[in-house]
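# Secondary and tertiary structure notes
Each chain is listed here by its residues.
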Amino acid sequence: ACISSAVAVGASTKLNQEASFNNWHKTLQEFFAPGVYIYSSTGDSNSSYEYWDGTSMATPHVTGAWALLRQASPTSTVDEIFSALSSTGVSIKTVCAGGGTRPLIQVDAAINKLLGIVTPTLTVTAPNGSESWTAGSSQTITWTSTGSVGNVKIDYSIDNGSSYTTVEASTANDGSQSWTVPNTPSTRCKVRVREASDGSPSDTSDNAFSITTSTTSAITVTSPNGGDSWESGS
């Protein structure tokens, strides 16, 4: 990894978090790739497989990804492929001292980047830029898109995702939705915005995701004897 021309790779989990055994150096590691509980071939026989953990599992993912990008765009340079993987990866933060983030490779997005294909995406903005909402308040969530995104749907849940209410956006690419956050302290609201190809609520797409928000309980004060007049000295 210390060689200047090498691509240093760290291991991530299936939850897109840094693996507990991962080594980290803020100026050396360049990518994350899956490296936990990977079903891989072994040397025991021509047909033997086992589950393995390690950066030795993560590195082949990047090697294979690099080959796929080269196949998709044979004339792309090393720097262009590296940039495509870096700029389209999912950011993962290290737990090591000093902190820092590195991209988890996303092969399809990197190929689209190399080929100049703009993939429609949706961006959700929570009220006040925060995911902590006040119980009983009226909140508005907005979304915008890049590329041509048709028939945008917003689904919101006030029971931690047990059920969703679906609202069709008034415009295809941008929109907003407001509702009152419930007072129940244990309730967690979930919001997701997605692209539905034919308008069916059961449709899914790669653009579907959710934001989980927490609510807080309102405080109610009751004065003695139901009144605001108190006897002095009592």
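The structure this text deals with has already been given above.
Residues numbered from 1 in each chain as written. Predicted model: local features only at pLDDT ≥ 70, side-chain atom pairs only at ≥ 80, totals over all residues. Heavy atoms only, no water.

### Concerning unusual backbone geometry
Among all residues except glycine, the phi angle is most often negative; among peptide bonds, the trans geometry is most common. In this model, asparagine 16 sits at a positive phi of 60°, which is unusual for a non-glycine residue. Tracing the backbone through its elements, the reader meets asparagine 16 in the loop between strand E1 (8-12) and strand E2 (29-34). Note on asparagine 16: relative accessible area 39%, which makes it partly exposed. Although it is not a glycine, tyrosine 37 sits at a positive phi angle of roughly 55°. With respect to the helices and strands, tyrosine 37 occurs in the loop between E2 and strand E3 (38-41). Judged by its relative accessible area of 48%, tyrosine 37 is partly exposed. (Helix = DSSP H or I, 4+ residues; strand = E, 2+ residues; numbered from the N terminus. Buried < 20%, exposed > 50% of the residue type's maximum accessible area, 1.4 Å probe, protein only.)

### Things to note about the layout of surface pockets
To locate leftover empty space, one rolls a probe as large as a water molecule over the atoms. Its volume calculated, the second largest pocket comes out at about 160 Å³. The wall of the second largest pocket is formed by Ala1, Ala8, Val9, Gly10, Phe21, Asn22, Asn23, Trp24, His25, Leu28, Gln29 and Thr55. Here the element with the most residues in the lining of the second largest pocket is E1; it accounts for three residues. Looking at the lining of the second largest pocket residue by residue, the classes come out as six nonpolar, six polar and no charged. (1 Å grid on protein atoms, 1.4 Å probe; cavity = no way out; pocket = protein on both sides within 12 Å on 5 of 7 lines; lining within 4 Å. Points joined across faces, edges and corners; volume = space filled by probe spheres on them. Nonpolar A, V, L, I, M, F, W, Y, C, P; charged D, E, K, R; others polar.)

### A few points about a nonpolar patch on the surface
Residues Tyr37, Tyr39, Tyr49 and Tyr51 make up a contiguous nonpolar surface patch of about 500 Å² in total accessible area. Relative to the helices and strands, tyrosine 39 resides in strand E3. Of the residues examined, tyrosine 39 reaches a relative accessible area of 52% and is grouped as exposed. (Patch = residues over 30% accessible without salt bridge, like charges linked within 9 Å, V, L, I, M, F, W, Y side chains within 5 Å. Areas by Shrake-Rupley, 256 points an atom, 1.4 Å probe, with all protein chains shown as cover. Salt bridge = Lys/Arg side-chain N within 4 Å of Asp/Glu carboxyl O.)

### A closer look at the nonpolar core
Judged by nonpolar contacts, the single largest core of 17 residues is most densely connected at Ala33, Val62, Leu69, Ile81, Leu85 and Ile105. Elements represented by at least two residues in this core include exactly E1, E2, helix H1 (55-72), helix H2 (78-88) and helix H3 (107-115). Ranked by residue count, the leading element in this core is H1, at five residues. Not counting residues within four places of it along the chain, the set of residues in contact with alanine 33 comprises Val9, Gly10, Ala11, Ser12, Ala58, His61, Val62, Leu104 and Ile105. (Core = buried A, V, L, I, M, F, W, Y, C linked by side-chain atoms within 4.5 Å. Contact = heavy atoms within 4.5 Å.)

### A few points about the environment of alanine 33
Along the chain, alanine 33 falls in strand E2. Accessibility expressed as a relative area gives 0% for alanine 33, which makes it buried. Between the C-alpha atoms of alanine 33 and glutamine 106, which are 73 residues apart in sequence, the distance is 9.0 Å.

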